[in-house]
Amino acid sequence: KVFQAVVSCIGGDGTIYIIPKSFETALNKLMAEIQNTFKGLGLLIPYCWKKGEACVVRGSDTVWYRAKIVEVSGSILQVQYIDRGYIESIPQCHLYPTTFYTGIPPFCIPCQLYKTLPIGNFWQQEAVEYLQELLKNEEVEIHVKELPHNPWGKLSISLYFGGMSLSSFMAYQRYCVAEDCQDIQKLGVFEGDLSPSYLLQTLPVPGETFPVTVTHLVSPKEVYICLDSSENLTKGSATERSASCDSESLSKALKWCNKIVKTLPHLTNFKKELPCLAEYVDGLWYRAKLLSITQLVPVQILVQFVDYGTYLVAPTSRLRHIPCHLLKYPVQAVRVLLAGFRPASDDKNVERIPYSPEWSLKALWTMVDCVEGKRLSASILTVSPEVTISLYGDDKNLVHLKLIEMGLAELDQ
């Protein structure tokens with residue numbers, strides 16, 4: 001069985017506690033009932049607590065949770081939150097004994113990684129802390145491998161985050177040995193000698209109007225667009241819905257890659273067009289490809305962020321190998337030419353675009369104002385030799401009409 005779950009806790013022994021997404025509604029309903037039943041403080045009169053006894057605990061967030069007594073030690077009790085998994089030492093005044101809700105099974109499931117042996121036969125403290133940092137409160141994909149021998153035992157699972165196997169990843173980190181190493185190859189983080197490439201985006205058919213955003217402008221005529229996944233695509237084409245799904249899955253996969261990026265090797269191969277991960281100025285890592293070496297000492301590389309179209313000159317310290325599973329998502333940004341206009345022959349503005357001097361800088365900034373943050377739509381005219389489109393603003397008029405009004409461009413029939 002395969003299902004989505006949220007990791008609620010990593011136990012001190014490496015047990016992974018998960019809450020299936022399908023349980024969330026029932027858990028939220030139960031929590032609301034508990035809050036209505038128990039109010040105020042815990043039990044303030046003396047009480048003889050017993051190990052294994054059911055109770056409710058008032059957490060540090062002032063919310064009541066189901067729990068059970070794990071250990072009794074004077075006025076401090078060690079309890080386990082049975083719907084979350086974590087264990088905590090709590091003063092008696094924050095607990096209340098109860099027989100309410102004991103007939104409802106715990107919503108969190110204790111799990112162990114299938115055919116995965118920790119180094120030294122138990123999970124080291126460093127490994128447990130790494131698992132907590134990586135997984136806590138994150139949504140993951142669970143593949144059930146073996147049921148426990150008793151109802152309170154651990155479920156044996158394979159866990160995938162952002163398309164990567166946790167067992168394979170932890171084995172690479174040398175925290176464990178994974179018996180089933182088939183997906184070590186699928187992990188693909190370290191296949192630097194290969195020459196993989198990105199998949200291209202599937203475009204709507206010519207003549208069809210579809211929502212887009214402009215992610216980068218090279219000139220008023222040459223821009224990069226993305227199919228806009230923020231629109232209501234239930235009415236859109238299959239191409240648009242597919243692009244939306246790819247964009248959402250890619251965002252999740254990149255979020256996970258940013259969490260583990262320090263474990264990925266630095267690039268040592270600087271072949272042109274080579275896919276990689278590159279750090280942008282916002283400190284996050286995105287998919288990119290190498291274009292050229294711009295400086296040898298120190299080495300500086302020109303890269304292009306394939307999902308946006310933007311460029312960056314980066315040192316090698318900001319470039320890393322890309323996990324192969326990130327190559328299955330098509331590039332989100334598509335380079336297009338805008339039809340219907342050309343540079344004005346009588347544009348007297350002296351400041352020109354250095355790499356495209358037929359255009360003035362004023363024309364470029366005017367076009368930026370026309371498309372930045374706007375709800376745009378496009379229609380493909382030709383796909384060969386280059387993708388050429390008509391681009392419309394949120395007022396349904398062609399975006400280049402503003403440039404023509406200002407004398408920065410002229411109609412091109």
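Residues numbered from 1 in each chain as written. Predicted model: local features only at pLDDT ≥ 70, side-chain atom pairs only at ≥ 80, totals over all residues. Heavy atoms only, no water.

## Description of helix α6 (residues 361–371)
Thinking step 1. Within the span of α6, buried status applies to Ala363, Leu364, Thr366, Met367, Val368, Cys370 and Val371.
Thinking step 2. After α6 finishes, the residue Gly373 shows a positive phi value of roughly 70°. (Buried < 20%, exposed > 50% of the residue type's maximum accessible area, 1.4 Å probe, protein only. Helix = DSSP H or I, 4+ residues; strand = E, 2+ residues; numbered from the N terminus.)

## Things to note about unusual backbone geometry
Thinking step 1. Here the amide bond leading from Val297 into Pro298 is cis, since omega sits at -15°, within 30 degrees of zero.
Thinking step 2. Across the junction of Ser384 and Pro385, the peptide omega takes the value 0°, indicating a cis bond.
Thinking step 3. Note on placement: Pro385 falls in the loop between β25 (376–382) and β26 (388–392).
Thinking step 4. Of note, the phi angle at Asn121 is positive, near 70°, even though the residue is not glycine.

## Section: the sheet that holds strand β3 (residues 54–58)
Thinking step 1. With respect to topology, five strands assemble into an open sheet ordered β6-β5-β4-β3-β7, the strand pairing being antiparallel. Each end of this open sheet is capped by a strand with a single partner; those strands are β6 (87–91) and β7 (95–97). Between one strand axis and the next, the sheet turns through 45° on average, direction left out of account.
Thinking step 2. Looking at chain direction, β3 and strand β4 (residues 64–73) are connected through five bridges and run antiparallel. Residue Ala54 lies in a different strand from β4, and its bridge partner there is Lys68.
Thinking step 3. Running over the sheet, helix α1 (residues 24–37) touches β3 and β4 and is turned about 75° from β4. (Pairing = 2+ DSSP bridges. Axes fitted to C-alpha atoms, helices over the stretch in contact; angles between N-to-C directions. Contact = heavy atoms within 4.5 Å.)

## Digging into the domain arrangement of the protein chain
Where interface size is given, it is often the accessible area lost as the parts come together that is meant.
Thinking step 1. The domain boundaries assigned to the protein chain delineate domain 1 (1–49 + 96–187), domain 2 (208–232 + 333–411) and domain 3 (265–322).
Thinking step 2. For domain 1 versus domain 3, the separation of C-alpha centres amounts to 37 Å. (Domains from an automatic or database assignment.)

## A few points about the pattern of salt bridges
Thinking step 1. Evaluated as defined, the whole model comprises 14 salt bridges.
Thinking step 2. Close ionic contact of Lys154 with Asp13 constitutes a salt bridge, the shortest N to O distance being 3.5 Å. Separated by 141 residues along the polypeptide, Lys154 in the loop between β10 (139–146) and β11 (155–161) and Asp13 in the loop between β1 (2–10) and β2 (16–20) bring together distant segments of the chain.
Thinking step 3. Classification of Asp13 by relative accessible area gives partly exposed; the value is 46%.
Thinking step 4. Here Arg335 ties to Glu386 by a salt bridge, and the two come within 2.5 Å at their closest N and O atoms. In this pair, Arg335 is assigned in strand β21 (residues 334–338) and Glu386 in the loop between β25 and β26, connecting sequence segments 51 residues apart.
Thinking step 5. For Arg335, a relative accessible area of 32% corresponds to the partly exposed category. (Salt bridge = Lys/Arg side-chain N within 4 Å of Asp/Glu carboxyl O.)

## A closer look at the UniProt feature "domain: Tudor" (unreviewed entry) in the protein chain
Thinking step 1. This chain's UniProt record puts "domain: Tudor" (unreviewed entry) on residues 48–105 and 269–329.
Thinking step 2. In residues 48–105, the share of helix is 0% and the share of strand is 50%. The end C-alpha atoms are 25 Å apart.
Thinking step 3. As annotated, residues 269–329 comprises 0% helix and 48% strand, and the C-alpha atoms at either end are separated by 22 Å. (UniProt positions renumbered as here; feature names shortened; annotations may be inferred.)

## Quick word on the nonpolar core
Generally speaking, soluble globular proteins have nonpolar side chains that are buried together.
Thinking step 1. Counting residues in each nonpolar core, the largest one holds 46 residues, and the members touching the most others are Leu135, Leu159, Phe161, Leu166 and Met170.
Thinking step 2. Taken domain by domain, this core gets at least three of its residues from each of domain 1 (1–49 + 96–187) and domain 3 (265–322).
Thinking step 3. Ignoring sequence-local partners within four residues, the contact set of Met170 consists of Trp123, Ala127, Tyr130, Leu131, Tyr175 and Cys176. (Core = buried A, V, L, I, M, F, W, Y, C linked by side-chain atoms within 4.5 Å.)

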